[in-house]
Amino acid sequence: MSSYSWPAVAEESPTEEPPDAALRAATVEIVIPVYNEESCLVESIGRLRGYLDTFPIRTSVTIADNASTDGTLAIAEQLAAADERVKVVHLDRRGRGRALRQVWGSSEATVVAYMDVDLSTDLDALLPLVAPLLTGHSDVAIGTRLARSSQVERGPKREFISRTYNRMLRVFMGVGFSDAQCGFKAVRTDRVRELLPLVEDDEWFFDTELLVLAHRCGLRIHEVPVDWVDDPDSSVDIVATAVADLLGVARLVRGFATGTIPIRSLAAQFYPQPDPPAPPSLLRQVVYFATVGVLSTVAFLALFLGLRDAWGPQVANFTALLVTAVANTAANRRFTFGVRGRDGIARHQVQGIVVFGIGLALTSGSL
C-alpha cells in the first residue's frame, strides 16, 4: 500500500518539519474502519484532512469499508478521488479486526494507526501517539481514557464496563496498559507484521489480542492520555462485544497455558535475550519450601516471645505473623521458585497477606 506526498506548503514550512532526517522521511498510514457511515463520513474525513494539512509528518488515510450496505463505499470513493492522500479498501465481510489486518499487513508506511470514524478522540493526541514510534522509543502506542489527565464524556454504563474489563485484563493477563478498547492506536509496521499471524480475532477483540501478544513479547507499549467524547449514535452492541471479549480472554489464557501461542520464539526475534536459568527441580523446591517454613516458624516464635511481655499476646502475635509472612513470601520467591526482579511481587505479597489473615484468625482465636 502506497504512501502519499504532502502538498508543497506542508513540506516547506520549517516550523512543521521534524528536526531529524529520519523523521522527515517517515510516513504514517491512518486507517478508518467504517460500516454504514454515509451520514458522517464526509464531515469526519473533512475534519481529519483539515487537521493533517498542518501535521508535521507525511500521512495518508485509508478508508476501510466493512461491507457497508448503504452509500458509504460510493462516498468514500468520491473522497479518494478528490484527495490523493485518501485511499479506499473494500472488504466483503464485516469486522474491524479484519479491516485492520488487511490494511496494516500490506502497508508500506513506517507506522500504521487507526481511529474511529466518529473522531471521538481529540486529534491533538495524534502526534504524541505516533512520535515515540517514529523515534524508536516504543513499538506500540495506545490512547487511554482511564488516565487521570484524560477528559472523558460517556455514560456510567460504558464507563463501568470499560473499567471492569481492563481491570480483568490486568488481573488475568498481567498486562500493564490501562485501556485496551480505545479506538486510537498506532504500531510500528515492522512489528505489526510479526504479530498479525498470531492474532486470531477479526472483530472487536482484535485490539485486545494484539496488545496482549505485544506485551507478552516484551514490546514497549506507550500510553497517551486522550480527551474523548462518547458517540451516542454508536452501533456497537455492548453486551455482545463484552461476551466476545470474555471468550477471547479465555482463549488466550488457554493458549498461554498450553503453549500453543509461540510467545517465546517471537519475543526472541524482537529482543534477543540470553537463555533464562533452568527452574529448580521439584525435589529442590520441596527442600527449600520446607526450610523456609521451618525458619519462618522459628522467627515467628522468637518475635512473639520477645514482644509478648511488652505489647501483650495479641499485638505480639499480629506483628510476628505479619513480619514473617512478608519475609516468607520473599524467601520462597527468591529461593524456592527462583523468581527475581519485581515482576508479580505485589500479587505474590497479596497472596501471602491472605494466608497471614487466615493464620491471624486462627492464632488470635486460640490466644
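Everything here concerns the structure above.
Residues numbered from 1 in each chain as written. Predicted model: local features only at pLDDT ≥ 70, side-chain atom pairs only at ≥ 80, totals over all residues. Heavy atoms only, no water.

Some words on the packing of aromatic side chains
Spelled out, the test is: Ring geometry is summarised as follows: Phe, Tyr and Trp rings, the Trp one being its six-membered ring, pair when their centres sit within 6.5 Å, and such pairs are stacked at plane angles under 30 degrees, edge-to-face over 60 and tilted between the two. Geometrically, a lysine NZ or arginine CZ counts as sitting over a ring once it is within 6 Å of the ring centre and also within 35 degrees of the ring normal.
The final tally for this structure, using the stated rule, is 3 aromatic pairs. Residues Tyr51 and Phe55 carry aromatic rings whose centres are separated by 6.1 Å and whose planes lie at 45° to one another, so their mutual orientation is tilted. Taken together, the ring pairs connect Trp104, Tyr114 and Phe206 into an aromatic cluster. Taking NZ or CZ as reference, Arg94 lies 3.7 Å from the ring centre of Tyr35, over its face. If you follow Arg145 out to its NZ or CZ, it ends over the ring of Trp228, 4.8 Å from the centre.

Notes on the nonpolar core
Heads up, the rule is: Only buried residues count toward a nonpolar core, which is a set of Ala, Val, Leu, Ile, Met, Phe, Trp, Tyr and Cys residues joined through side-chain atoms within 4.5 Å. The rule is simple: take the accessible area with a 1.4 Å probe, protein chains only, and divide by the maximum for that residue type; under 20% is buried, over 50% is exposed, in between is partly exposed. We count a stretch as a helix when DSSP gives it H or I for four or more residues in a row; a strand needs E for two or more, and each element gets its number in order from the N terminus. In this analysis, two residues are considered to be in contact whenever any of their non-hydrogen atoms come within 4.5 Å of each other.
Ranked by internal contacts, the top residues of the largest apolar core, which has 41 residues, are Trp104, Leu169, Phe177, Leu195, Leu210, Cys217 and Phe256. If one sorts the elements of this core by residue count, helix α9 (residues 206-216) sits on top with 6 residues. Other than its neighbours up to four places away in sequence, Phe256 contacts Met173, Val212, Leu213, Arg216, Ile261 and Ile263. Judged by nonpolar contacts, the second largest core, of 37 residues, contains Ile57, Leu126, Leu129 and Leu133.

Things to note about the pairing of strand β5 (residues 140-144)
Counted only if it meets this: Strand pairing requires that DSSP identify at least two bridges connecting the strands.
A large share of β5 lies buried, amounting to 5 of its 5 residues. Neither face of β5 is open: one carries Val140, Ile142 and Thr144, the other Ala141 and Gly143, and all of them are buried. Bridging between β5 and strand β7 (residues 184-188) involves 3 bridges; their strand directions are antiparallel. In the sheet register, Val140 faces β7, and the bridge partner there is Val187. Where β5 meets strand β8 (residues 221-225), 5 bridges bridge the pair, whose relative direction is parallel. Bridging from a neighbouring strand, Val140 pairs with Ile221 of β8.

Some words on the sheet that holds strand β3 (residues 86-91)
Filter applied, for reference: As a rule, the C-alpha atoms of each element are fitted with a line to give its axis, helices using only the stretch in contact, and angles between N-to-C directions run from 0 to 180 degrees.
Here we have 7 strands laid out as an open sheet, ordered β3-β2-β1-β4-β7-β5-β8, and mixed in their pairing. The outermost strands of the open sheet, each flanked by one partner alone, are β3 and β8. Averaged over all pairs of adjacent strands, the angle between strand axes in this sheet comes to 20°, irrespective of strand direction. Bridge count between strand β1 (residues 27-34) and strand β4 (residues 111-115): 4 bridges; the pairing is parallel. Note that in β4 the partner of Glu29 across the bridge is Val112.

Some thoughts on a nonpolar patch on the surface
Selection criterion: Patches here are clusters of residues that have more than 30% relative accessible area and form no salt bridge, with a 9 Å joining cutoff for like charges and a 5 Å cutoff for nonpolar side chains (Val, Leu, Ile, Met, Phe, Trp, Tyr). Methods summary: accessible areas were calculated by the Shrake-Rupley approach with a probe of 1.4 Å, and residue burial reflects only the protein chains presented. Should a side-chain nitrogen of Lys or Arg be within 4 Å of a carboxyl oxygen of Asp or Glu, the pair is scored as a salt bridge.
Residues Val171, Phe172 and Val253 make up a contiguous nonpolar surface patch of about 280 Å² in total accessible area. Mapped onto the elements, Phe172 comes out in helix α7 (residues 156-172).

Brief notes about the environment of Val199
Mapped onto the elements of the fold, Val199 is located in the loop between α8 (189-195) and α9. Those residues in contact with Val199 that lie beyond four places of it in its chain are Arg101, Phe206, Glu209, Leu210 and Leu213.

None of this, on its own, says anything about what the molecule does.
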